[in-house]
Amino acid sequence: MYQDKLLTFGTNQVVESSAASTDVVNAVVAGDAYDQLWFVVQMSEAAAASGSATVAISLQTATDEAFSSPVTLFTTPAIAKASLTINSMPVKVRVTKGLLQYVRAYYTVASGPLTKGKFTAFLTPDVMI
């Protein structure tokens, strides 16, 4: 699977409570070389919590880097911490339209906080299915 720095939302991002990705992709700078991209999130450290925490992962886009009016293109159902194991890919979804200039991942933690868990999120033109 190909991973481009210009299409990466965050590498090994620690997520304990609801938060946006550490990086934002500027789709204009990244270019339009790909007809279709995949939104991929991979666990680089398993999630843990003292309770029964869940995480919903979203792909958001906006016309401004501050995301003052974000548009959500995709959201997973709540994913139980037990399913967020190291190297698992809780998200592999094709993005076919709707990207505005700025794009980010957003993590919504419920029944948290998480005490462990690192997420790597990015857009890629190819993915192992």
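All of these numbers come straight from a predicted model, not from anything done at the bench. (Residues numbered from 1 in each chain as written. Predicted model: local features only at pLDDT ≥ 70, side-chain atom pairs only at ≥ 80, totals over all residues. Heavy atoms only, no water.)

Nonpolar side chains in soluble globular proteins generally cluster together in the buried interior. In terms of nonpolar packing, the biggest core is built from 26 residues, with Phe9, Phe39, Ile57, Tyr107 and Phe119 touching the most fellow members. Secondary-structure elements contributing two or more residues to this core are strand 4 (37-48), strand 5 (54-62), strand 8 (91-95), strand 9 (102-110) and strand 10 (116-124). In terms of residue count, strand 4 provides more of this core than any other element does, 5 residues in total. (Core = buried A, V, L, I, M, F, W, Y, C linked by side-chain atoms within 4.5 Å. Buried < 20%, exposed > 50% of the residue type's maximum accessible area, 1.4 Å probe, protein only. Helix = DSSP H or I, 4+ residues; strand = E, 2+ residues; numbered from the N terminus.)

Attention now moves to unusual backbone geometry. Pro113 follows Gly112 through a cis peptide bond whose omega is 10 degrees. Phi at Asn87 is positive, roughly 70 degrees, even though this residue is not glycine. Along the chain, Asn87 falls in the loop between strand 7 (79-80) and strand 8. For Asn87, a relative accessible area of 53% gives the class exposed. With a phi close to 55 degrees, Ser111 is a non-glycine residue in the positive phi region. With respect to the helices and strands, the residue Ser111 is situated in the loop between strand 9 and strand 10.

Looking now at the pairing of strand 10. Strand 10 sits mainly inside the fold: 7 of its 9 residues count as buried. Pairing analysis gives 4 bridges linking strand 1 (residues 8-14) to strand 10, with the strands arranged antiparallel. Paired with Gly10 across the two strands is Ala121, which belongs to strand 10. Pairing analysis gives 8 bridges linking strand 4 to strand 10, with the strands arranged antiparallel. (Pairing = 2+ DSSP bridges.)

Spatially, 4 strands are ordered 1-10-4-8 in an open sheet, and the strand pairing comes out antiparallel. Of all the strands in the sheet, the pair left with one neighbour each is strand 1 and strand 8. Neighbour-to-neighbour, the strand axes of the sheet open up by a mean angle of 10 degrees, direction not taken into account. (Axes fitted to C-alpha atoms, helices over the stretch in contact; angles between N-to-C directions.)

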